[in-house]
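A closer look at the structure
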Amino acid sequence: MTQLPDLQGRHIVLGLTGGIACYKAADLARELGKAGATVQVVMTEGAERFITAVTMQALSNRPVYTSQWDARPDNAMAHINLTREADAVLVAPASADFIAKLAQGRADDLLSLLCVARPTERCALLVAPAMNREMWAHPATRRNVVQIVADGAVVLGPAAGDQACGEVGDGRMLEAAQLCDALIAHFQPKRLAGRRVLVTAGPTYEAIDPVRGLTNLSSGKMGFAIARAAAEAGATVTLVAGPVALATPMGVARIDVKSAREMHAAVLPLAPTHDVFVATAAVADWRPVDAAGQKIKKVAGQAAPSLVLVENPDILAAVAALPGHPYCVGFAAESHDVEQHARAKLERKKVPLIVGNLGPATFGRDDNALLLVDALGTRALPHADKLTLARQLVGEIAQRLPSAP
Ligand code: CTP
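Residues numbered from 1 in each chain as written. Predicted model: local features only at pLDDT ≥ 70, side-chain atom pairs only at ≥ 80, totals over all residues. Heavy atoms only, no water.

Attention now goes to the site of the ligand. Among the 13 residues in the neighbourhood of the ligand, the closest are listed as Ala-279, Ala-281, Asp-285, Phe-331 and Lys-345. Contact distances for the ligand include 2.7 Å between an oxygen atom and a backbone N or O atom of Ala-281. Expressed as a share of its isolated accessible area of 570 Å², the protein-covered part of the ligand is 79%. The cavity that encloses the ligand is the largest pocket. Secondary structure elements with two or more residues in the shell around the ligand: helix 12 (315–320), strand 16 (327–334) and helix 13 (338–349). At 3 residues, the largest contribution of residues to the shell around the ligand is made by helix 13. Within the shell around the ligand, the residues separate by chemical class into 7 nonpolar, 1 polar and 5 charged. (Near = heavy atom within 4 Å. Polar contact = N/O pair within 3.5 Å; in protein donor to acceptor, adjacent residues only side chain to side chain. Areas by Shrake-Rupley, 256 points an atom, 1.4 Å probe, with all protein chains shown as cover. 1 Å grid on protein atoms, 1.4 Å probe; cavity = no way out; pocket = protein on both sides within 12 Å on 5 of 7 lines; lining within 4 Å. Sits in = over half its atoms within 2 Å of the grid points. Helix = DSSP H or I, 4+ residues; strand = E, 2+ residues; numbered from the N terminus. Nonpolar A, V, L, I, M, F, W, Y, C, P; charged D, E, K, R; others polar.)

So, in structure tokens, the structure goes:
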């Protein structure tokens, strides 16, 4: 099944103001286009000092607007026309000066004019600040950011790190891919607004000695996709991850662990403060009874060592048994008879929902197919990429939650 790009059918006004981060806006225009959006670039005079309108036209495939006096529109009202067809205005980079203008509602150039002229209820304003750390920390900027948020703008970032001026601190514009993800998230339905979601993901690693261990083929991709989908749906998300090399989804708090016991120790104290627990991790069922303190050496003529295993704690069952436990969702990665095994786990772990899938067909891949098993029956979520499935699963979980107090 071919999936439509996430921003298919969305029309975005991409506003650039004066700042060195304009170089990232070139990439952003491409990312938005690749995600299916149509992009109308609007640049301030300051932005044109950093990057040319020709570059932005070539990347967005549309002539750029730079002036409120542009004579191209028949009605000479670019600020009205551009915002009536847009689904969102994204200002990236947003300079300290431009944020100050937004805070005051000033409208003396096309971009600030259209920000004030946009229909606020159906055309969101997203702002990606980019400036030196002292400018970001200045009390005037702090006041202005508070004001634009109070007026309904969504502020994305900034990130901390190396700055073009050579200083290090807060004020870097987010990367193009992060801004594109933030825009995608903005358009997702907020089915988990106000909810707290705890997710486990990835394999666990059970040490045999300091250089060897027992693990499995779980990539963590499904759990990370669920964490992202829950955050997109408006939840506050904590992700407890086994050893995987995946980027943390935007806005998700991540705790890295290695072994099943570390995962258990991280999850149990957090679980009571969450509304939902999704146990996606492929937790090792057993660990070596005693990990050797030093590397086990191969000695000529000596028999191979034998491993004595002991059972790991069952994290999902332990959370489900807590008083005031969150709504618990388990995963069952099976090699056969998915529905039958998933239903057995539903009863054994005493959880309201088990998501079955075929382990060998999903581990490490970007796509999957899921079977939702609960007391009422089964429901198949057909083959799709993991993020699509994660969004569908988040919708299913949201429907099953008791309404918020
Ligand atoms: N799980 C867990 N802690 C464990 C083992 C499993 O939290 N020690 C969770 C997994 O994250 C998953 C669910 O329990 O959500 C089912 O895991 P699975 O390994 O398939 O179940 P087991 O009970 O171990 O059954 P089996 O390995 O025999 O299939």
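Turning next to the side chain of Lys-349. Looking at where Lys-349 falls in the secondary structure, it is placed in helix 13. Owing to a relative accessible area of 19%, Lys-349 belongs among the buried residues under this scheme. A distance of 2.8 Å separates polar atoms of two side chains, one belonging to Lys-349 and the other to Asp-314. Those residues within four positions of Lys-349 in sequence are excluded, and the remaining contacts are Asp-314, Leu-316, Ala-317 and Ala-320. (Buried < 20%, exposed > 50% of the residue type's maximum accessible area, 1.4 Å probe, protein only. Contact = heavy atoms within 4.5 Å.)

What follows covers the domain arrangement of the protein. Splitting the protein by domain gives domain 1 (11–187) and domain 2 (196–294 + 304–400). Distance from the C-alpha centre of domain 1 to the C-alpha centre of domain 2: 39 Å. Across the contact, 6 residues belong to domain 1 and 4 residues belong to domain 2. Approximately 400 Å² of surface area, both sides summed, lies buried where domain 1 meets domain 2, with 64% of it carried by carbon and sulfur atoms. On the domain 1 side of the contact with domain 2, Asp-181, Ile-184 and Ala-185 bury the most area, a combined 70% of that side's loss. Counting across the interface, domain 1 meets domain 2 through 1 salt bridge. (Domains from an automatic or database assignment. Buried area = accessible area lost by both parts, 1.4 Å probe. Salt bridge = Lys/Arg side-chain N within 4 Å of Asp/Glu carboxyl O.)

Left-over empty space is what a probe sized like a water molecule reveals as it rolls over the atoms. The tally for this structure, following the rule as stated, stands at 1 cavity of 30 Å³ or more. Estimates place the volume of the largest cavity at around 30 Å³. Every residue lining the largest cavity is listed: Leu-192, Val-197, Ile-226, Ala-230, Val-276, Val-278, Val-394 and Ile-397. Contributing elements (two or more residues each) for the lining of the largest cavity: helix 10 (221–232), strand 13 (276–279) and helix 15 (386–400). Of the residues contributing to the lining of the largest cavity, the split by class is 8 nonpolar, no polar and no charged. (Points joined across faces, edges and corners; volume = space filled by probe spheres on them.)

Turning our eyes to something else, we now look at the packing of aromatic side chains. Geometrically, a pair of aromatic rings is defined through the distance of the ring centres and the angle of the planes. Under the counting rule described, the total for this entry stands at 0 aromatic pairs. The lysine or arginine in question, Arg-10, covers the ring of Phe-187, its NZ or CZ lying 4.1 Å from the ring centre. Against the face of Tyr-65 rests Arg-72, its NZ or CZ located 4.3 Å from the ring centre. (Phe/Tyr/Trp six-rings, centres within 6.5 Å; stacked < 30°, edge-to-face > 60°. Lys NZ or Arg CZ within 6 Å of the ring centre and 35° of its normal.)

Within the structure shown, the criterion is met by 20 salt bridges. A salt bridge links Lys-101 to Asp-109; its shortest N-O distance comes to 2.6 Å. The class of Lys-101 is buried, set by a relative accessible area of 8%. Shared partners join several salt bridges into a network, and the residues in it are Asp-6, Asp-181, Arg-228, Glu-232 and Arg-391.

Moving on to the layout of surface pockets. Volume-wise, the largest pocket comes out at about 990 Å³. What lines the largest pocket is a set of 39 residues, among which Ala-281, Ala-282, Val-283, Asp-285 and Phe-331 lie closest to the centre. Where the lining of the largest pocket is concerned, the elements lending two or more residues are strand 8 (196–201), helix 10, strand 15 (309–311), helix 12, strand 16 and helix 13. There is about 740 Å³ of room inside the second largest pocket. Residue lining of the second largest pocket: 29 residues in total, with Asp-181, Arg-228, Glu-232, Pro-249 and Met-250 positioned closest to the centre.

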